[in-house]
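Below, each chain spelled out in residue letters.
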Amino acid sequence: MNVSSHASGPLPWPRWAYVPGETAELDADYETLDMAKALVPPAFRGYVPARHPALRYGLALNDRGYFWESQEVLQALWAAAPQGGRERILLRACIHVANANLRLRMQKAHSAVRLFGDALTELRALTSRKAAPAGDGVVESFPVLALTALLQAKLGRPQLTKADWIGLGAIVRSQAPS
């Protein structure tokens, strides 16, 4: 695992990807998720750091196909993000994307389209808000325009399939300076 957490080492991947309705005999791997959620403070001051280990883990979970788990970790970050802050908007968009990815896996394309649309609406709201002074917050380093373009492309397709899921961490890595 390449997502560092804290002094005790990297966070483990969940033992399985929870898919509601498909993994009936298995509940979600809450024990593993609780380790990541424990890294989230009760409230962030000013902004959510781009390099926060729970954030990186939540994005990586999505990219590894742990969509339900990703949204759980991202929701914990969202709850701790400053009220009315731009990070809350971005995190809400990422939560919608992870949830849409889960719906695609469940073959619920109409729900996925709605959730991708909700994510796009959040990103448009984010870009219309005045940027705060530059810092190391997630909003300043996240490629919002690249995710916006990708969502628009997905929503422009006549039909979405399981293969149309969106990797959030992959977008961040593809936009990172060389």
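Residues numbered from 1 in each chain as written. Predicted model: local features only at pLDDT ≥ 70, side-chain atom pairs only at ≥ 80, totals over all residues. Heavy atoms only, no water.

**Overview of the environment of Gly46**
For step 1, the next point in the chain: The residue Gly46 is located in the loop between α1 (30–37) and α2 (53–63) in this model.
For step 2, the next point in the chain: Separated by 37 residues in sequence, Gly46 and Gln83 place their C-alpha atoms 9.5 Å apart.
For step 3, the next point in the chain: Setting aside anything within four residues of it in sequence, one finds Gly46 in contact with Pro82 and Glu87. (Helix = DSSP H or I, 4+ residues; strand = E, 2+ residues; numbered from the N terminus. Contact = heavy atoms within 4.5 Å.)

**Observations regarding the packing of aromatic side chains**
For step 1, the next point in the chain: Taken as a whole and assessed by the stated rule, the structure comprises 5 aromatic pairs.
For step 2, the next point in the chain: Ring geometry for Tyr30 and Trp68: centres 5.8 Å apart, planes at 80°, overall edge-to-face. Of this pair, Tyr30 sits in helix α1 while Trp68 is found in helix α3 (residues 67–80), placing the two residues 38 residues apart along the sequence.
For step 3, the next point in the chain: Classification of Tyr30 by relative accessible area gives partly exposed; the value is 35%.
For step 4, the next point in the chain: Trp68 gets classed as buried once you look at its relative accessible area, which sits at 10%.
For step 5, the next point in the chain: Ring-pair connections join several aromatic residues into one group, and the members of that group are Trp13, Tyr57 and Tyr66.
For step 6, the next point in the chain: Directly above the aromatic system of Trp78 lies the positively charged group of Arg88, at a separation of 3.9 Å from the ring centroid. (Phe/Tyr/Trp six-rings, centres within 6.5 Å; stacked < 30°, edge-to-face > 60°. Buried < 20%, exposed > 50% of the residue type's maximum accessible area, 1.4 Å probe, protein only. Lys NZ or Arg CZ within 6 Å of the ring centre and 35° of its normal.)

**Some remarks on the pattern of salt bridges**
Close approach of charged atoms lets side chains of opposite charge pair.
For step 1, the next point in the chain: Counted according to the given criterion, the structure contains 6 salt bridges.
For step 2, the next point in the chain: One salt bridge in this structure joins Arg15 and Asp29, with 3.0 Å as the shortest N-O distance. With Arg15 in the segment before α1 and Asp29 in the segment before α1, this pair connects stretches of sequence that are 14 residues apart.
For step 3, the next point in the chain: We classify Arg15 as exposed; its relative accessible area is 57%.
For step 4, the next point in the chain: Here Lys37 ties to Glu72 by a salt bridge, and the two come within 3.2 Å at their closest N and O atoms. (Salt bridge = Lys/Arg side-chain N within 4 Å of Asp/Glu carboxyl O.)

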